[in-house]
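# Descriptive analysis of the structure
One-letter residues, chain by chain:
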Amino acid sequence: MRLRTVGFAAFAAAAIMQSCQPACTPAPPVPAPVTVPVIPPAPPPVTTIVVEGQGNGHGRGLSAWGAYGMAVNAGVPWWQILDHYYGGTTNAPAPNAPVRIRLMALDDAGVVGIVSLGRTATWNGATYGSLHFYEVAPNRYDVYGTSDVSCPGGGTGWVMVAQAVPGPFTVSTPHDESVAPAGDVLGLCQPNGSVVHYRGTLTITEDASGANRVVDTLLTENYVRGVVSREVASSWGAAGGGAGMNALYAMAVAARSFAFAQGRYPYADTCDTSSCQVYGGAAYRSSAQAPTSHPTVRVCEVGNLTFECATTDRAVGDTAGVVRVWQSNGAIISGEYSASHGPRSAGGTYPPVEDTASNVPQNTLYRWTRNVDAATVAATYGLGTLTGARTERDPSTIYDGVWGHRVVLTGTAGSATVSAWDFRNAFGLPSPGFTILGVV
């Protein structure tokens, strides 16, 4: 009986094992579901770039509108205005030394005309009403003179006084450059036939590459007279019952310091455009014998048809010989300035400072907004259709806040990272201190 029971049990166990074979075999793996990638929709095209910025100019050093606001609205004296914007510097004396100015409107001129209303233009020991220099070969000129007063292409009585002579040439006048009337000093004929009068001497020379240059050499104080009236409004002097003179004083010291610290070229210390600081000379005539006038808007007070105004001349005279120097080593600073910085300056050479004083009604660029067409931006940088635009911190910058941004642009044909300066110049913005937003 026992054996039967055991045998039956063994048979039953074997049967069970055979019957479970299919169920006990592992099932093949179930294939993973196929994932179909989801392609995000293309970003919508940007139609407009909204630029929100501050200030007018590079944002460094003195703020002209800030100086005005501090002087007129807060009664701050000029030396404290300079202390504020030029941190780490102080006032110091400087001599009335000659300074050489590259007159850029005459760059590469093959013909140079110089006139003297008093007929005292002096060259090579003789005096003339006009002298014309015609380049006939590299640095070789035919020189013509006359007692008449006229620019090239006009006048009578011309005589060749030198043939194929090498430059440089310096034309002077016996007038005292500091006291002669603005319309009596040497006049330089401009490409459009007008005449600009300059104190000092005029030199025709060339640079190292052989390009023609015309240089005005004059005393620093006379040079600054031709700068301050062109960089700020002479009417500021009367603002606030005369308190505005402190803004003009500050500008005169800044401009004088800038001039001393340049040394840009072997043949000249600085230039006469906004690439350096604007220098307009002493006076203007629409033609060689026309009365002095203003080419567009009036620069000086009513009745003064020169570029040397009563208030700006006073600012130069009252601060004569004063410059700013570094407290650390006594070196004269390059007195940078711009029209305004907005709420805060860019810093850089000088510590960044608040410029809220420049928030005066006359300053329309304390803060500003511009809309730039996105298609124009995309075409400028070859980006196809613009799909993104933003500003970010430029890792190489030393400037503060929005002044240290760069522009990042993306499009259907590529991307570009552009300096704020390049973007500003490309689209005519008031300053490189801004942020941007792409609007679809």
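Below: a short report on this structure. Values in this document were obtained by computation on a predicted structure and should not be read as measured data. (Residues numbered from 1 in each chain as written. Predicted model: local features only at pLDDT ≥ 70, side-chain atom pairs only at ≥ 80, totals over all residues. Heavy atoms only, no water.)

### Brief notes about the sheet that holds strand E24 (residues 434-439)
- Read across the open sheet, the 3 strands follow the order E20-E1-E24; overall the sheet is antiparallel. A strand with exactly one partner marks an edge of an open sheet, and here the two such strands are strand E20 (367-373) and E24. Adjacent strand axes in the sheet meet at a mean angle of 20° when their direction is disregarded.
- Pairing analysis gives 6 bridges linking strand E1 (residues 48-54) to E24, with the strands arranged antiparallel. Bridge pairing in E24 links Glu52 to Thr435.
- Packing of helix H8 (residues 374-381) onto the sheet brings it into contact with E1 and E20, and relative to E20 it is tilted by some 70°. (Pairing = 2+ DSSP bridges. Helix = DSSP H or I, 4+ residues; strand = E, 2+ residues; numbered from the N terminus. Axes fitted to C-alpha atoms, helices over the stretch in contact; angles between N-to-C directions. Contact = heavy atoms within 4.5 Å.)

### A look at the side chain of His294
- In this structure, His294 sits in the loop between strand E17 (283-285) and helix H7 (310-318).
- Looking at His294, its side chain comes within polar contact range of the main-chain oxygen of Thr306, at 2.9 Å.
- Not counting residues within four places of it along the chain, the set of residues in contact with His294 comprises Tyr284, Val299, Cys300, Asn304, Leu305, Thr306 and Phe307. (Polar contact = N/O pair within 3.5 Å; in protein donor to acceptor, adjacent residues only side chain to side chain.)

### Focus on the packing of aromatic side chains
- Counted by the stated rule, this structure contains 18 aromatic pairs.
- Ring pairing ties together the aromatic residues Trp123, Phe133, Tyr141 and Phe169, which thus form one cluster.
- The cationic tip of Arg230 hangs over the ring face of Phe307; the distance from NZ or CZ to the ring centre is 4.2 Å. (Phe/Tyr/Trp six-rings, centres within 6.5 Å; stacked < 30°, edge-to-face > 60°. Lys NZ or Arg CZ within 6 Å of the ring centre and 35° of its normal.)

### Observations concerning the layout of surface pockets
- In this structure, the largest pocket occupies an estimated 520 Å³ of space.
- Taken together, 21 residues make up the lining of the largest pocket; nearest its centre are His58, Glu231, Ser274, Tyr337 and Ser338.
- Looking at the lining of the largest pocket, the elements that each hand over two or more residues are helix H3 (64-74) and strand E19 (337-338).
- Among the residues making up the lining of the largest pocket, the classes are represented as 9 nonpolar, 8 polar and 4 charged.
- Volume-wise, the second largest pocket comes out at about 260 Å³.
- Of the residues assigned to the lining of the second largest pocket, the class counts are 10 nonpolar, 4 polar and 2 charged. (1 Å grid on protein atoms, 1.4 Å probe; cavity = no way out; pocket = protein on both sides within 12 Å on 5 of 7 lines; lining within 4 Å. Points joined across faces, edges and corners; volume = space filled by probe spheres on them. Nonpolar A, V, L, I, M, F, W, Y, C, P; charged D, E, K, R; others polar.)

### With respect to the sheet that holds strand E8 (residues 130-137)
- With antiparallel pairing, the 7 strands of this open sheet are ordered in space as E10-E9-E8-E5-E12-E13-E17. Strand pairing shows two members of the sheet lacking a second neighbour, strand E10 (159-166) and E17, which therefore form its edges. Along the sheet, successive strands turn relative to each other by an average axial angle of 20°, direction set aside.
- Note that strand E5 (residues 111-115) and E8 share 5 bridges and pair antiparallel. Bridge assignment links Ile114 to a residue of E8, and that residue is Leu131.

### Some words on the pairing of E5
- For E5, the tally of buried residues reaches 4 of 5 residues, placing the bulk of the element in the interior.
- Pairing of E5 with strand E12 (residues 187-189), which is carried by 2 bridges, proceeds in the antiparallel orientation. In the strand pairing of E12, Ile114 is matched with Leu188. (Buried < 20%, exposed > 50% of the residue type's maximum accessible area, 1.4 Å probe, protein only.)

### Here we look at the nonpolar core
- Leu62, Ile81, Phe133, Leu188 and Tyr223 are the most contacted members of the largest nonpolar core, which has 70 residues in total.
- For this core, the leading source of residues is helix H6 (residues 245-260), giving 11 residues.
- Counting 22 residues, the second largest nonpolar core, distinct from the first, contains Val46, Leu365, Ala378 and Leu429. (Core = buried A, V, L, I, M, F, W, Y, C linked by side-chain atoms within 4.5 Å.)

### Let's talk about the state of the cysteines
- Summed over the entire model, instances satisfying the criterion amount to 3 disulfides.
- A sulfur-sulfur distance of 2.1 Å marks the disulfide that ties Cys151 to Cys189. What sets the handedness of the Cys151 and Cys189 disulfide is the S-S torsion sign, and at about -90° it is left-handed. Placement of Cys151 in the loop between strand E9 (140-146) and E10 and of Cys189 in strand E12 is noted, with a sequence separation of 38 residues between them. (Disulfide = S-S within 2.5 Å.)

### What about the pattern of salt bridges?
- Tallied over the entire structure, the rule returns 15 salt bridges.
- Between Arg213 and Asp107 there is a salt bridge; the shortest N-O distance is 3.8 Å. With Arg213 in strand E15 (residues 212-219) and Asp107 in the loop between strand E4 (98-102) and E5, the pair connects residues that are 106 residues apart, well separated along the chain.
- Ionic pairing is found between Asp400 and Arg344, a salt bridge with its closest N-O pair at 2.8 Å. You can see Asp400 sitting in the loop between strand E21 (386-393) and strand E22 (405-411) and its partner Arg344 sitting in the loop between E19 and E20, a full 56 residues away along the chain.
- Looking at Arg344, the relative accessible area reads 34%, which means it is partly exposed.
- A cluster of three or more residues bridged by salt bridges with shared partners is formed by Arg102, Asp107, Asp108, Asp207 and Arg213. (Salt bridge = Lys/Arg side-chain N within 4 Å of Asp/Glu carboxyl O.)

### Points about the environment of Val143
- Tracing the backbone shows Val143 in strand E9.
- You can call Val143 buried: its relative accessible area is 0%.
- In the structure, Val143 is positioned 10 residues away from Phe133 in sequence and 4.7 Å away in space, judged by C-alpha atoms.
- For Val143, the contacting residues outside a window of four places in its chain are Trp123, Leu131, His132, Phe133, Val159, Met160, Val161, Ala162, Val165 and Phe169.

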